[in-house]
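Structure assessment
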Amino acid sequence: MKRYFSSDFKLGILGGGQLGRMLLAETQKFDIYTIILDASENAPCKAYCNEFFQGSLLDFDTVYNFGKRVDVLTIEIENVNVDALEKLEQEGTKVYPPPKTIRTIQNKAKQKHFYKDNDIPTANFSRFAHTDDIQGALQNESLLFPFVWKSAQFGYDGTGVKIVRNQDDLKILPNVECIAEELIPFKNELAVIVARNPQGDLKTYPVVEMEFHPEANQVEYVICPARVSQEVAKKAESVALKMAQAFQHVGLLAVELFLTENNDVIVNEVAPRPHNSGHYSIEASYTNQFEQHIRAILNLPLGDTSSKVGAVMVNLVGDENHTGDVIYENIEELLEMRGVTPHIYGKKQTKPFRKMGHITIVDKEINEARKVAQKVKKLVKVISK
């Protein structure tokens, strides 16, 4: 077996944001040497890795030259130069998740076609080279209002997604490659994180339930376990496992799902990395998602994904009326509350709806944890000076 711990092995991570920062907590635990590439000199990872390089994740030469420094290369963000990753892979660098998976997931239209080609349940959709082309589909009635518009590329945290109910909604959208997706009535949004290593071992985390902020279209609460029937949970796990196998994925794959009014489970979208829906696992799981990602990409035995306790995660996002140097109002009061743990991501500047941290509430009774989460959400404000 390759020596990873206290050795000359080097793990490279593309992206230096909060996901990378939480990954580094696990590499430090194992004494794995880490090198980070990020565009920002103030990246949250900078103070915690062994080496830090500032540069564009989209520039071929920057990503390629960075990859030549490491033994295994992984990502904490999908928006990277895949041509460089493919060349590195051809030359023998282990790149996980595989570049072909990242290429598919980077583009929502390709992602949706992949689901269809692999018989994975998802909402019906149409692909358009430009948003303007939607008018023709509306005129010939191959597309009807309302529908969900999604930018094919560069959408994140609720940006690049819009419910289009009329012509006025359509007029304000950027003229980019996009998909128009059937608006599915759903009862609930769920997520399943799957871990898969190079030899094909698979493990799923418990199904979680996600509650969204109505304006920002960001996850506001993640509840584990999801308050659904065992039958629904098994359906969700089955779809997520099928997805990981179809991709021949290595690492973590977060699969976001809709539970329809008919109790069908369909895929919304996926992320090939640790994910917001798994942050609860740091406090609540035997093996948290970040440690599991490290285990998976290094082909180590996968850890126990079961929960020790019920958990609710609350996202800490910037107040919509504040921009500037950050202040976490009332956060000291949290530390007096039983089972409540704040995580601050190290971003010095807040702006409306920016992810600045999260708070996990653990309790044997999930409904009790959800009540405390509501109190926490009202108590802590992310504002500026």
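Before any of the text, the structure's been laid out above.
What you see is a predicted model, and the numbers here were worked out from it, not measured in a lab.

For helix α8 (residues 230-247), spanning 18 residues, the distance from its first C-alpha to its last is 26 Å, which sits close to the expected 26 Å at 1.5 Å a residue. Residues of α8 that are buried: Val232, Ala233, Ala236, Val239, Ala240, Met243, Ala244 and Phe247. Viewed end-on, α8 has its buried residues packed into an arc of 135°, placing them on one side of the element. Exposed and oriented more than 90 degrees from the buried face of α8 are Gln230, Glu231 and Lys234. Remark: glutamine 248 follows α8 within two positions and exhibits a positive phi of approximately 50°.

Further remarks concern the sheet that holds strand β9 (residues 178-182). Two orientations exist for strands paired in a sheet by backbone hydrogen bonds: parallel and antiparallel. Overall, antiparallel pairing links the 4 strands, which are arranged β6-β9-β7-β8 in an open sheet. Two strands bound the open sheet, and with one partner strand each, they are β6 (125-128) and β8 (161-164). The mean angle between the axes of side-by-side strands here comes to 20°, regardless of whether they run parallel or antiparallel. As judged from the 4 bridges shared by strand β7 (residues 147-151) and β8, these two strands associate in the antiparallel manner. Residue pairing across strands places valine 148 opposite isoleucine 163, the latter belonging to β8.

Definitions and limits used
- Residues numbered from 1 in each chain as written.
- Predicted model: local features only at pLDDT ≥ 70, side-chain atom pairs only at ≥ 80, totals over all residues.
- Heavy atoms only, no water.
- Helix = DSSP H or I, 4+ residues; strand = E, 2+ residues; numbered from the N terminus.
- Expected span 1.5 Å × (residues − 1).
- Buried < 20%, exposed > 50% of the residue type's maximum accessible area, 1.4 Å probe, protein only.
- Arc of directions from axis to C-beta.
- Pairing = 2+ DSSP bridges.
- Axes fitted to C-alpha atoms, helices over the stretch in contact; angles between N-to-C directions.

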